[in-house]
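# Structure at a glance
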Amino acid sequence: MADWSLDDLEDAFQLRAMLEAHAAKRAASRITREQLKRLRLHNAQLKQAIDIPNPDVPKFLDHNRQFHAIIVAAAASERLASMLGQVTEQPVVLRTARQYDAENLRRSHHEHDELLIAFDNRDGEWAAAVMTGHIRRAFHAYAQAHSTDTEIRKSNLAA
């Protein structure tokens, strides 16, 4: 992945945004009360992980992964789950979260809150829009880190 161009990364994030938005849209009409309860639990745990002076990024990532997995499960499409598995690279997710400052971590949590409201209202269009923005924001955090790393590597080679 270190040799991926920014264009490759944007393509992967764009595919992920499209697929996760579709999953959120499907989930909005299929999600069960139990799945909503579990989403709320993971989002509360995620909030605990970031509401401390030094955010617990591994805990954030664990609950974030589980939150998104519940949405995919609620979408009830094995094909969609398989396709998402192919475009969601865990090292990318980890690196993205490591680039987040406290404000980005809070924004991610807030976006999860908004997804929960969309699911409560069974509004698939809203859920898809929130998910698209959520993944696009993650792309920009990753792209910024990727560009910085590329500049550092180039300056080290020139030295």
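Remember, predicted model here, so these are calculated numbers, not experimental data.

## Examining the overall build of the chain
Each helix and strand in the chain was counted, giving 7 helices and 0 strands. By the burial criterion, 43% of the 159 residues in the chain qualify as buried. Within the chain, residue pairs in contact and separated by at least 24 positions form 84% of the contacts whose partners lie at least 6 positions apart.

## Quick word on the nonpolar core
Ranked by size, the top nonpolar core spans 41 residues in total, and within it Leu39, Ile71, Leu115 and Phe119 carry the most contacts. Among the elements of the structure, α1 (6-30), α2 (33-50), α3 (57-75), α4 (78-87), α6 (102-120) and α7 (124-158) are those that each provide at least two residues to this core. With residues up to four places along the chain from it excluded, the contact list for Ile71 reads Ala23, Ala24, Ala27, Leu39, Leu115, Phe119 and Met131.

## Here we look at the pattern of salt bridges
Following the criterion strictly, the structure yields 9 salt bridges and no others. Note that Arg40 and Asp120 form a salt bridge whose closest N and O atoms lie 2.5 Å from each other. Taken together, the residues Arg40 in helix α2 and Asp120 in helix α6 connect sequence positions 80 residues apart. Given a relative accessible area of 35%, Arg40 falls into the partly exposed group.

## A word on the packing of α2 against α6
Between two packed helices, both the angle of their axes relative to each other and the distance between the axes serve to describe the pair. Two elements in contact, α2 and α6, have axes whose closest approach is 10 Å; the angle formed by their N-to-C orientations is 165 degrees. As far as their axial angle goes, α6 and α2 are roughly antiparallel. In terms of crossing hand, the pair formed by α2 and α6 is left-handed. In this structure, α2 contributes Leu36, Leu39, Arg40, Asn43, Leu46, Lys47 and Ile50 to the contact, and α6 contributes Leu105, Arg106, His109, His112, Asp113, Leu116, Phe119 and Asp120. The residue makeup of the contact of α2 with α6, split by class, is 7 nonpolar, 3 polar and 5 charged.

Conventions and cut-offs
- Residues numbered from 1 in each chain as written.
- Predicted model: local features only at pLDDT ≥ 70, side-chain atom pairs only at ≥ 80, totals over all residues.
- Heavy atoms only, no water.
- Helix = DSSP H or I, 4+ residues; strand = E, 2+ residues; numbered from the N terminus.
- Buried < 20%, exposed > 50% of the residue type's maximum accessible area, 1.4 Å probe, protein only.
- Contact = heavy atoms within 4.5 Å.
- Core = buried A, V, L, I, M, F, W, Y, C linked by side-chain atoms within 4.5 Å.
- Salt bridge = Lys/Arg side-chain N within 4 Å of Asp/Glu carboxyl O.
- Axes fitted to C-alpha atoms, helices over the stretch in contact; angles between N-to-C directions.
- Parallel < 35°, antiparallel > 145°, perpendicular 65-115°, else oblique.
- Left-handed = near helix turned anticlockwise from the far one by under 90°.
- Nonpolar A, V, L, I, M, F, W, Y, C, P; charged D, E, K, R; others polar.

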